[in-house]
Structure formats: C-alpha cells, structure tokens
Amino acid sequence: MGGVAGGRLAAAVSAAGGLGMIGMGSTATAKSLAAELTALGPAPQFGIGLVDWVIRDQPDLLDAALAARPTLLSISFGADLSWVQRAHASGILAATQVYDAEGARRAQDAGLDVLVARGAEGGGHGEIRLATLPLLDAVLDAVEVPVLAAGGISGPRSLAAVLAAGAAGAWLGTVFAACPEALTGESARRTLIAAGGTDTITTRVFDVGQRLNWPARFPSRVLRNEFTHRWAGREEDLVGDQEAGRELAAGIAADDQRIAPVDAGQGVGLLTDSRPAAVVLDELCTGAQRLLARWS
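Residues numbered from 1 in each chain as written. Predicted model: local features only at pLDDT ≥ 70, side-chain atom pairs only at ≥ 80, totals over all residues. Heavy atoms only, no water.

Student: Let's hear about the overall build of the protein chain: which residues, and what values?
Tutor: Across its full length, the protein chain carries 15 helices and ten strands. Scaling as 2.2 N^0.38, a compact globule of 296 residues should have a C-alpha radius of gyration of about 19 Å, and the protein chain matches this with 18 Å. Each principal axis of the C-alpha distribution contributes one length, and for the protein chain these read about 55 × 45 × 40 Å. Per-residue burial for the protein chain yields a buried fraction of 51% across its 296 residues. Within the protein chain, residue pairs in contact and separated by at least 24 positions form 62% of the contacts whose partners lie at least 6 positions apart. Accessible surface for the protein chain amounts to roughly 13100 Å². Of this, 52% is attributable to carbon and sulfur atoms. Taking the average place of the 24 positive charges on the side chains of the protein chain and the average place of its 32 negative ones, the gap between the two points comes to 3 Å. (Helix = DSSP H or I, 4+ residues; strand = E, 2+ residues; numbered from the N terminus. Rg over C-alpha atoms; globule rule 2.2 N^0.38 Å. Buried < 20%, exposed > 50% of the residue type's maximum accessible area, 1.4 Å probe, protein only. Contact = heavy atoms within 4.5 Å. Areas by Shrake-Rupley, 256 points an atom, 1.4 Å probe, with all protein chains shown as cover. Lys, Arg positive; Asp, Glu negative; His and termini not counted. Charge placed at Lys NZ, Arg CZ, Asp CG, Glu CD.)

Here you go:
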C-alpha cells in the first residue's frame, strides 16, 4: 500500500489491535520512510513493507527499515530472500507474499516466519495466479509456518471465510484505503467509496506510463478510468508516447482520478464511507467472530 499506508494509518491500526504496516512502494526512499516513521510516533508494534527491486537499487532503504526495528519486515516481488537473515539478526520477523505452493515452500525453506497468500482479487501489485481461497488451500497444504490470507477481504464474511479455512489472519489493504488516517488523496478517497466491485482492472499501464521498473509478471489491480480505457492492451505504444507520460504525471499531481491510478481490490464495493481505522477493524473482527461462532 505504498502511498496509502503511512505512519499515521499504521499507528491507528496497531492501536486498534492489529499490526499496522508502513507500506513503502516503488518510489520509496530512506528519506520518505523516515518521514512516515515520524508520523508513526511511539507505536509499540508496527511493520514495514518494502519492494524487492527497489531495495536492490536503494540498499540504504533496507538499512533504514532494519534500523527502525519493526515487529515485522515484509519484502515481496523478488526471488532473492537473503534479506531474511539480516532481519532475523536484528530480531525482526520476516514475511513475503506468495502466489502458489511452490513459492510458499521456497519461502519457508528460506526461513520466512509468515507467508502472505495473496490472491488475484487483491488491489495493487501481485502475480495473477490463483484466487484467494484456492491459493490459501494450496499454501496451507504446502507449509507449516503461519499463513495470512490477502485479496478481496473487505467484510466480516470474507474475513470469517479465510479464518475458517485455516488462515492465521488476514492481510488487509483496500478496506483501509478510504480511512481518514490513510495517505489517500481526497479525490481518490471519494472515488474508492463510489466504486463497485466490478470497477477494477489488472493492468501495467500506470507502471509503463510512469517508467517504473515493475517486472511484467506483477501487474496492478486498479480502478478503471479514462487512462486505462485508452491504453490497456496498448502498452507497447505507451512505452514511446512521451505526451501520455506527461499527461499521467500531471493527472497524478492534480489528484485527477480520470487519469491517476487508484489501487483497489475486488472488495472495494464494500467501502461506503470514510471511517476511522479503529472502527473498520472492530466491525470486521466483531462481525467475523459472530459468524465463526454461528458456523461452529
């Protein structure tokens, strides 16, 4: 949740009983992480999420994350898991996203403490392999470490479903994106609240348009808009279109949701207003507990 899950949201989630994550995306730097750590304040526990290929280009970002001593460090979107040893040496638990049973086994063998089974319904970047529940089944059969379910979990029923299926917990994103504590711009917040579950698309157009080095196998699930309508399926043309790149940059700067990307999973239709993170988390957990008690 780079650009959404900053220090303020992480502090609010942790204060409400979850583990709040500071999500550092593809434009992260050690300086921007320091700013979010300041916004976090004296949170007793928190996590930091990093992008593998970004820390390869900026090793000082990983150094800064380790120095912050988070409870959990999550690094995804790469095959090199040597960072796990550094996290453990600093007394930090390590997590990564996985998309199939084979990847889960490799991660467990590398010493990961927690795996995130990220299904295709999830917002933002991820490999499109399996939906959340089939992926969760496969990963739980393959490993013994705790597994968190991710992708399309935005209500008590979906949370209860993954817990009943054996997940140790849930890795939540979109459901917090409209919270007042999130870094989400006001226009994007309104757009998320107005969106339906069928309003998302998985695409690379925003990465290509911004000249970001995301590997092609990790497209991003975002809300459809004019830019996706114009360029989806035409990524090769977009690569060389400087005017489109300038239009996208201007749209992002202006928070113009006709052009700018808004990450969103398929659970976005359950967002109906902007509520504090503590309220969202309480409703999710209380509702899920009631359903699990009814089902048992």
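Student: Please give an account of helix α1 (residues 7-15) that cites residues and values.
Tutor: Residues Gly 7, Leu 9, Ala 10, Ala 12, Val 13 and Ser 14 constitute the buried set of α1. Lining the buried residues of α1 we find β1 (21-23), α2 (30-40), α9 (174-177) and α15 (277-295). Remark: Gly 17 follows α1 within two positions and exhibits a positive phi of approximately 110°.

Student: Could you give me a rundown of unusual backbone geometry, with the residues and numbers involved?
Tutor: Positioned with a positive phi, Arg 69 is a non-glycine residue whose angle comes to about 55°. Among the structural elements, Arg 69 can be located in the loop between α4 (59-67) and β3 (72-76). You will see that Arg 211, though not glycine, has its phi angle at about 60°, which is positive. By the secondary structure assignment, Arg 211 is in the loop between α11 (205-209) and β10 (220-223).

Student: Go over the sheet that holds β10, please, and point to the residues and values.
Tutor: Reading across the sheet, the three strands line up as β6-β10-β9 and stay open at both edges, with antiparallel pairing between neighbours. The open sheet terminates on both sides in strands that have one partner only, identified here as β6 (124-125) and β9 (200-203). Across four bridges, β9 lies against β10 in antiparallel orientation. Paired with Thr 200 across the bridge in β10 is Leu 223. (Pairing = 2+ DSSP bridges.)

Student: Please give an account of α15 that cites residues and values.
Tutor: In this model, α15 (19 residues) spans 27 Å end to end at C-alpha, consistent with the 27 Å of a helix rising 1.5 Å per residue. Among the residues making up α15, those that are buried are Ala 277, Val 280, Leu 281, Leu 284, Gly 287, Ala 288 and Leu 291. Viewed end-on, α15 has its buried residues packed into an arc of 145°, placing them on one side of the element. Relative to its buried face, α15 has exposed residues pointing more than 90 degrees away, namely Gln 289, Arg 290, Ala 293 and Arg 294. Here the buried face of α15 lies against α1, α8 (156-164) and α9. (Expected span 1.5 Å × (residues − 1). Arc of directions from axis to C-beta.)

Student: Outline the packing of aromatic side chains, listing residues and values.
Tutor: Here the structure, examined in full by the defined rule, presents six aromatic pairs. Between the aromatic rings of Trp 53 and Trp 214, the centroid separation amounts to 5.4 Å while the plane-to-plane angle is 80°, which identifies the pairing as edge-to-face. Here Trp 53, found in helix α3 (residues 52-57), pairs with Trp 214, found in the loop between α11 and β10; they are 161 residues apart in sequence, far enough to count as distant. An identical accessibility class is assigned to Trp 53 and Trp 214; each is buried. When the centroid spacing of 5.5 Å and the interplanar angle of 20° are considered together, the rings of Phe 206 and Phe 227 count as stacked. Here the residue Phe 206 occupies a position in helix α11, and Phe 227 occupies one in helix α12 (residues 226-231), the gap between them amounting to 21 residues. (Phe/Tyr/Trp six-rings, centres within 6.5 Å; stacked < 30°, edge-to-face > 60°.)

Student: An account of the state of the cysteines is needed here, citing residue identities and associated values.
Tutor: Linking two cysteines covalently via their sulfur atoms produces the bond known as a disulfide. Under the counting rule described, the total for this entry stands at zero disulfides. In this model Cys 179 remains outside any disulfide bridge; the closest cysteine sulfur is found in Cys 285, 13 Å from its own. Classification of Cys 179 by relative accessible area gives buried; the value is 1%. Overall, the relative accessible area of 32% leaves Cys 285 in the partly exposed class. (Disulfide = S-S within 2.5 Å.)

Student: Go over the sheet that holds β1, please, and point to the residues and values.
Tutor: Pairing is parallel in the open sheet, where seven strands are placed in the order β1-β2-β3-β4-β5-β7-β8. Of all the strands in the sheet, just β1 and β8 (169-171) have a single pairing partner and so form its edges. Here the strands of the sheet are splayed against their neighbours by 25° on average, with no regard to which way each runs. Against the sheet, α2 touches β1 and β2 (47-51), its axis set at about 150° to β1. (Axes fitted to C-alpha atoms, helices over the stretch in contact; angles between N-to-C directions.)

Student: Which residues make up the nonpolar core, and what are the values?
Tutor: Counting 76 residues, the largest nonpolar core has Leu 50, Leu 73, Trp 83 and Phe 176 as its most contacted members. With six residues, the top contributor of residues to this core is α15. Setting aside its immediate chain neighbours within four residues, Trp 83 contacts Arg 56, Leu 62, Leu 73, Ile 75, Ala 94, Ala 95 and Leu 112. Of all hydrophobic cores here, the second largest spans eleven residues; its members include Phe 206, Phe 227, Leu 238 and Ile 259. (Core = buried A, V, L, I, M, F, W, Y, C linked by side-chain atoms within 4.5 Å.)

Honestly, it's all geometry; don't read function into it.
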